[in-house]
Amino acid sequence: MTKRFLAAAAFVLLSSTVSATDIGATFETACPFGDCAAGISLSYLGEFVIPTGHMENGVEFGGISGLDFDSATGHYLAISDDRSERGPARFYELNVDVEVSGLKGVSVVKQVTLKDKNGAPFAARTVDPESIRLGKDGIYWGSEGDGKALLAPFVRVASPDGAFVREFKLPEGFAPTADKSTGIRDNLAFEDLAVAPSGDVFVGVEAALYQDGPNPSLTSGSLSRIVGYDGATGEPKAEYVYPVSPIPQAATKADGGNDNGMSEMLALDDHRLLAVERSYAQGFGNSIKIMMMDLTDATDVSAIASLAKNDQRVVPARKSQVLDLRAIGLVPDNIEAMSLGKAKDGTDVLILGSDNNFSTSQKTQFYAFKILRRPQQ
């Protein structure tokens, strides 16, 4: 069923979709990886959809690949992964109308163009924005790069008007190579960005670097690296291994493809993070699982050139499943954005958003959950 509502004059009219999951349904993971202090409990607040093709200021809205809450405004920042093809690379300020009774709507407040180091909008296909967070000195955002064009991924800091401020240092082994011996795989690079309360920044690749092993398959997972940065200096401090799970669903379409990868991270504290594992199988659709990871005892692998050719003992980040969206009755699209935030009544919420790939067969989808319990320090 589809409902419509009249937004305030400053906002747009968008559509809302009722999910099969009842509003108020509660889901709890009491003791992730045996740690009851890390318990988390969520209550479902609903779904809201912006159809593909919606226009903002003459530019198509979509490609939402990162989301973060701005406590100063009560709004959310959302980055589009448009590679400056439909419009200039950009992020949006969104009003998410959510309260304890449910998710009522999502509307665009403003659109901001990201600038390159020369102060100009990015030229077409010179950037692939995938993630966004608010940091202590600006807006932190990541570009996935382009493995085919040998464009390196990056994390930069922008001012509120999108201007370049500074760039984080790319560690050795991440830059793409023509012979694919090392570096990022195309379209499987910097998808994930998290900022811890300490100011440290975590950046993750969707699946293994070439030198670290294969992509996920139906029978085996993949070793993604997470880079831990000093947020103040932009210098790498450590690297950790996140074990991406095997692909959970085979394609149901003949000769169809499938995949799995880590599409977003979110810091709960200085060592525990939520991660989205997003998979797709042709003929079936997307499977979305939210995992909790703990970096406390994980090995720093920054000095290990290749995880596939390594004889040292490596302890990966511990992980435990928090939520499987399909298992609770939802039909998720391509979820790539995740943020903690506040509802209009001050309730703590978790918001998820999808990248519609600007495809008419997909949609920009938002889910909201009330946070009933979160990990304790």
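See the structure above.
The paragraphs below set out a description of the structure included in this document. (Residues numbered from 1 in each chain as written. Predicted model: local features only at pLDDT ≥ 70, side-chain atom pairs only at ≥ 80, totals over all residues. Heavy atoms only, no water.)

### Observations regarding the nonpolar core
Counting residues in hydrophobic clusters, the biggest one holds 25 residues, and the most contacted among them are Leu274, Leu323, Leu325, Leu350, Leu352 and Phe369. Elements that contribute at least two residues to this core include exactly strand 4 (40-51), strand 20 (272-281), strand 21 (285-294), strand 22 (318-324), strand 23 (335-342), strand 24 (348-354) and strand 25 (363-373). Setting aside its immediate chain neighbours within four residues, Leu350 contacts Leu42, Leu266, Leu274, Ile290, Met338, Ser339, Leu340, Tyr367, Ala368, Phe369 and Ile371. Counting 22 residues, the second-largest nonpolar core is a separate cluster that includes Leu67, Ala78, Tyr92 and Leu103. (Core = buried A, V, L, I, M, F, W, Y, C linked by side-chain atoms within 4.5 Å. Buried < 20%, exposed > 50% of the residue type's maximum accessible area, 1.4 Å probe, protein only. Helix = DSSP H or I, 4+ residues; strand = E, 2+ residues; numbered from the N terminus. Contact = heavy atoms within 4.5 Å.)

### Comments concerning unusual backbone geometry
Most peptide bonds take the trans form, and the phi angle of most residues other than glycine is negative. At Phe33, a position not held by glycine, the phi torsion is positive, near 40°. Along the chain, the position of Phe33 falls in the loop between strand 3 (26-29) and strand 4. The phi dihedral of Asn57 is positive, around 55°, even though this residue is not glycine. Judged by its relative accessible area of 66%, Asn57 falls in the exposed class.

### Comments concerning the sheet that holds strand 14 (residues 164-167)
Spatially, 11-12-13-14 is the arrangement adopted by the 4 strands of the open sheet, whose pairing is antiparallel. Since the sheet does not close on itself, it has two edges, and those belong to strand 11 (129-135) and strand 14, each with one partner. Averaged over all neighbouring strand pairs, the angle between strand axes comes to 25°, with direction disregarded. The pairing of strand 11 with strand 12 (residues 138-143) spans 6 bridges and is antiparallel. Bridging from a neighbouring strand, Arg133 pairs with Tyr140 of strand 12. (Pairing = 2+ DSSP bridges. Axes fitted to C-alpha atoms, helices over the stretch in contact; angles between N-to-C directions.)

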